[in-house]
Amino acid sequence: RGFAHQGWLSDDKRYIYLNDEFDELDFGVPTSTHIIDVSILTNARYVQSFGSGLSSTDHNLMVEGNFVFEANYTSGLRIFRVDSPSLVTQVGWFDTYPQNDNPGFNGAWGVYTKLPSGNILVSDIQNGLFILDATASMHLVGPGLPALSLLGMVMLSFLYIACTAWILWRRMVRKSIPGDPQRL
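Here, residues in each chain are numbered from 1, in the same order as that chain's written sequence. The predicted origin of the model limits local features to residues at a pLDDT of at least 70 and limits the giving and counting of side-chain atom pairs to 80 or more, whereas totals for whole chains, interfaces and linings rest on all residues. Water and hydrogen atoms play no part in the side-chain values, which are based on all heavy atoms of the structure.

Caption draft 1: Structural detail: the sheet that holds strand β9 (residues 108-112). The sheet built from 3 strands is open, its strands ordered β9-β10-β11 with antiparallel pairing. Where the open sheet ends on each side, the last strands, each with one partner, are β9 and β11 (128-132). Each strand of the sheet is rotated relative to its neighbour by a mean of 20°, with strand direction disregarded. With 5 bridges connecting them, strand β10 (residues 120-124) and β11 associate as antiparallel partners. In the sheet register, serine 123 faces β11, and the bridge partner there is leucine 129. Any two strands between which DSSP finds at least two bridges are classified as paired. Comment: elements are numbered from the N terminus, with helices defined as DSSP H or I runs of at least four residues and strands as E runs of at least two. Axis geometry follows a simple rule: fit a line to the C-alpha atoms, using only the stretch in contact for helices, then measure angles between N-to-C directions, giving values from 0 to 180 degrees.

Caption draft 2: Local environment of the packing of aromatic side chains. Here is the rule: rings of Phe, Tyr and Trp (six-membered ring for Trp) pair when centre to centre is within 6.5 Å. Planes less than 30 degrees apart are stacked, more than 60 are edge-to-face, and the remainder are tilted. Evaluated as defined, the whole model comprises 5 aromatic pairs. Ring centres 6.4 Å apart and planes at 75° place the aromatic pair tyrosine 17 and phenylalanine 50 in the edge-to-face group. Of this pair, tyrosine 17 sits in strand β2 (residues 15-20) while phenylalanine 50 sits in strand β4 (residues 45-50), and the two are 33 residues apart along the sequence. When a residue's accessible area, from a 1.4 Å probe over protein chains only, is under 20% of the maximum for its type it is buried; when over 50% it is exposed; and in between it is partly exposed. For tyrosine 17, a relative accessible area of 4% corresponds to the buried category. Ring centres 5.3 Å apart and planes at 85° place the aromatic pair tyrosine 73 and phenylalanine 105 in the edge-to-face group. Taken together, the residues span a long stretch of sequence, with tyrosine 73 in the loop between β6 (67-71) and β7 (77-84) and phenylalanine 105 in the loop between β8 (87-94) and β9 at a distance of 32 residues. What makes tyrosine 73 buried here is its relative accessible area of 4%. Aromatic ring contacts, followed pair by pair, group Tyr17, Phe50 and Phe80 into a single cluster.

Following this line, the structure appears as structure tokens:
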């Protein structure tokens with residue numbers, strides 16, 4: 001048993017990429033994304049599956065060009081380059097839930113790739129929102145697995161410092177306005 005939890009069409013609308021949220025828990029298989037050729041809707045054809053090889057549960061995905069961005073709960077964001085439906089390579093990742101890669105429902109829940117800046121948003125149930133720059137991973141020729149992790153950590157650290165500074169500044173401004181304690 002299992003079910004197609006979520007899917008996204010390729011840019012040319014020929015393929016749909018599907019995640020089955022329960023196959024890791026119910027069947028003990030590694031994370032699997034399924035590719036189905038839907039170019040002829042009355043004769044949809046299963047092409048293949050791909051994944052990271054980890055046991056984490058896959059959740060939501062988005063497709064941008066020839067890249068698939070997946071929120072895979074405990075293993076975080078996974079980025080795959082699709083050169084063809086039969087040639088899919090993981091080119092980047094960022095682990096938002098470093099405690100483990102077990103199947104289950106902790107960690108990265110959603111991914112969003114449509115920001116004008118090109119940044120990637122990853123929402124994590126326990127650890128909050130991550131804003132990542134995946135540019136390096138999207139231009140790599142080889143496996144490049146550490147690239148996004150290191151770049152993402154630098155961006156996340158900068159964002160944390162900037163947000164903390166902004167919050168402290170706003171608190172100082174609020175205290176400096178007499179008679180207006182609620183002003184932010």
